Amino acid sequence: MWLDLIRRERPSTALMLLVPLIAVAFAAAASAALFTITGKPVGAALYALLIEPFMTRSAFSEVLLKMGPLLLIAQGLAIGFRAQIFNIGAEGQFVLGAIFAAAIPVYFPDSTSIWLWPLMMVMGALGGALWAGLAAFWRVRTNANEILVTLMLGFVATQLLNYLLLGPWKDPMGFNFPQTVMFQYEAMLPTLIPGTRVNVSFLFAIAATLLAWVYVKRSFSGYQLMVGGLAPDAASYAGFRESRAVWISLLIGGLAAGLAGAAEVAGPVGQLQRSISTGYGFAAIIVAYLGGLNPLGMVFSSFLLAVIYIGGDNAMVSAELPVASVRLFQGLVLIAYLAALTWIRYRVQWRKRGATQDGGRA
Amino acid sequence: MSAIEFILSGMLAAATPFLLAALGELVAEKSGVMNLGLEGIMALGAVIGFICVYHGGPHLLAFLAAGVIGVLAALILAVLALEFRADQVAAGLAVGIFGQGLAALIGKPYESLTTTGLSQIAIPGLASLPMVGGLFKQDAVTWLTLIAALVIALVLSKSRLGLVIRAVGENPQAARAIGYPVIRIRYATVAFGGLMAGFAGAYAATVYTPMWADGMIAGRGWIALALVVFGTWVTGRVFAGALLFGALSLAELAAQAKGVHLPSQLLAAMPYLVTIIILGVISSNKLRMKRNSVASLGKPF
């Protein structure tokens, strides 16, 4: 109603780099306003959210630790998003990955095999792929909307996790806490940076980024997927099958999320517990969009969201913000980004008063 | 009270939050805009409604406040999708995540507090019938929701306004060509969807279970979205779907109370499993899906 949008011949590159920063600035300003209204110390909150994560070596290493799963999941999801196949249930696939991986140390608590953690990673990836595969099967077989099915499976995954932790997998020595035994040394991922909790799962994320980049830029299948998303009609004339795109997108997304879940139980957490995922699945959706669905762009956006996660933890202590402020900030970043994205794709003019309604839409 | 009687008497109240949110979403989708932010908008409505009632405000005020915040949150989506032509999936998710975060922030001091619900209004005579009498003893909001369902069904299928909304959803270019303000109509339907989602949240937190807790919407917003698909965009079928879910959530309670030997987690997962299965069964009927679905749903104009 108030904007005239004229499509640019080519997206503006300068703006493409600037826009995520604008989005963060806007989200910071908007959250500051909301913190003020709810009576929280604004300065302390923003300092904790955006600055404190950079101030100490240990805080910064925690940022890298969080960045791993976010980047890994986002790379998997973006493949589907580019093809207009929306897996928004990565949270559930992450949980299944964690469950599948945890099964190994739970059933073999005395094993000291060096293959323990690699096997757990494989199991995790399979678990995630299985969960996403259910949605793929249902979508291909019955045409059921994958947005809703992947999400609903997420709720089911949570209940499955609860069942295992309150029942068969509960640590008998755990003072009745809903959690499994602590895993043995061989079930844990090797540390990457000595003296921190950063482990080799960070390398999984980097590897996934490189693979995704090659897949998107260099392979025919990746190209087909993208065209299928941009112009479904043209793609179907060219022999592109939607069911194949559904399978590829969801399986890769599930695989990545499952691997991230496995790396979380075998990494910083060291056991399966109820709070195994702190909203990684949803945050990864934001990472994917904020990175412009570009494999390299997501490296930056995952770093940014990891900063906000660690900052949010700090803010809980120093500025008495509830955990939810991280979600609030994430939502605002995405809102601002989506609006700002328009300036990349279109030349935007504010409409003059009295101009005709709905005109000028190309 | 037998299980059937228990389900019959509580079914409508349990269905009300689903129904309110799904009816609003139905109208928005009919005009071509889907709102994946329902879950977050319901959470906002719930927290605002709860705060009003907790501080002694009447329920009417609580619903008005929840409706207003629902409209405001939905307008964020409308601006993103209609002005900025953002992807509706991404925009809806953004609003949903933002809404849940904001609701938790505002509601933090009220976490796990409770308040009083609404009294029931019985239809004389009918309410004293055996077995089915409970159906005719409902709170005022449920009665109003039933009326709203009827009005929306009539407006969408029989009125000129409904025709315009459907035209905008079906073929926005043609609708504009014959002079309808497509964007304005879409703003209005999305705002209406936000209003109803705000009401739905307020109902959940001030009438159905008069309490606030982070995560209390528990996927109801997503199920409401699924209900619109279940109902293949037909009001009566959306209504039937909401009733089914109302009954299902009570069946869960009844089963737990009767000590049915199933893990409680399986019962808790039941609504989602049932959603997945029904979604597949209904979506596989291509003809039925095509007849009533909205041609321009989710596409920017």
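Residues numbered from 1 in each chain as written. Chains lettered and ligands numbered in written order. Predicted model: local features only at pLDDT ≥ 70, side-chain atom pairs only at ≥ 80, totals over all residues. Heavy atoms only, no water.

Here we come to the overall build of chain A. Secondary structure assignment for chain A yields 13 helices and 2 strands. A compact globule built from 362 residues would reach a C-alpha radius of gyration of about 21 Å, and chain A, at 22 Å, matches this within 12%. In terms of principal-axis extent, the alpha carbons of chain A reach across some 75 × 55 × 35 Å. Going through the 362 residues of chain A one by one, you find that 56% of them count as buried. Sequence separation of 24 or more characterises 79% of the internal contacts of chain A that already satisfy a separation of 6 or more. (Helix = DSSP H or I, 4+ residues; strand = E, 2+ residues; numbered from the N terminus. Rg over C-alpha atoms; globule rule 2.2 N^0.38 Å. Buried < 20%, exposed > 50% of the residue type's maximum accessible area, 1.4 Å probe, protein only. Contact = heavy atoms within 4.5 Å.)

All right, on to the interface of chain B and chain A then. Across the contact, 53 residues belong to chain B and 51 residues belong to chain A. Carbon and sulfur atoms make up 75% of the area that chain B and chain A hide from each other, which totals about 4,700 Å². Looking at the side of chain B facing chain A, the largest losses of area belong to B:Phe84, B:Arg85 and B:Leu105, adding up to 16% of the total buried there. At the boundary of chain B with chain A, the tally comes to 1 salt bridge. As a salt-bridge pair, B:Asp214 and A:Arg327 come within 2.9 Å of each other at their nearest N and O atoms. Seen at the junction of chain B and chain A, the total is 4 residue pairs in polar contact (both at pLDDT 80 or more). Residue assignment for the side of chain B that touches chain A shows that the elements contributing at least two residues are helix H3 (59–83), helix H4 (88–107), helix H8 (182–208), helix H9 (220–230) and helix H11 (264–283) of chain B. In terms of residues, the side of chain B that touches chain A owes the most to one element, H4(B), which gives 13 residues. (Buried area = accessible area lost by both parts, 1.4 Å probe. Salt bridge = Lys/Arg side-chain N within 4 Å of Asp/Glu carboxyl O. Polar contact = N/O pair within 3.5 Å; in protein donor to acceptor, adjacent residues only side chain to side chain.)

Turning next to the nonpolar core. Membership of the largest hydrophobic core comes to 229 residues, with the highest contact counts inside it found for A:Ile73, A:Met121, A:Leu272 and B:Trp222. A per-element tally of this core places helix H1 (residues 3–30) of chain B first, with 15 residues. In this structure A:Ile73 touches A:Ala90, A:Phe94, A:Ala256, A:Ala257, A:Ala260, A:Tyr280 and A:Ala284, once residues within four positions along its chain are discounted. (Core = buried A, V, L, I, M, F, W, Y, C linked by side-chain atoms within 4.5 Å.)

Right, let's talk about the packing of aromatic side chains for a bit. Applying the stated criterion across every chain yields a total of 18 aromatic pairs over all chains. The interplanar angle of 55 degrees and the centroid separation of 6.1 Å between the aromatic rings of B:Phe63 and B:Phe199 together place this pair among those described as tilted. Placement of the pair is B:Phe63 in helix H3 and B:Phe199 in helix H8, with a sequence separation of 136 residues. Looking at B:Phe63, the relative accessible area reads 10%, which means it is buried. Linked through ring pairs, A:Phe54, A:Phe60 and A:Phe303 together constitute an aromatic cluster. (Phe/Tyr/Trp six-rings, centres within 6.5 Å; stacked < 30°, edge-to-face > 60°.)

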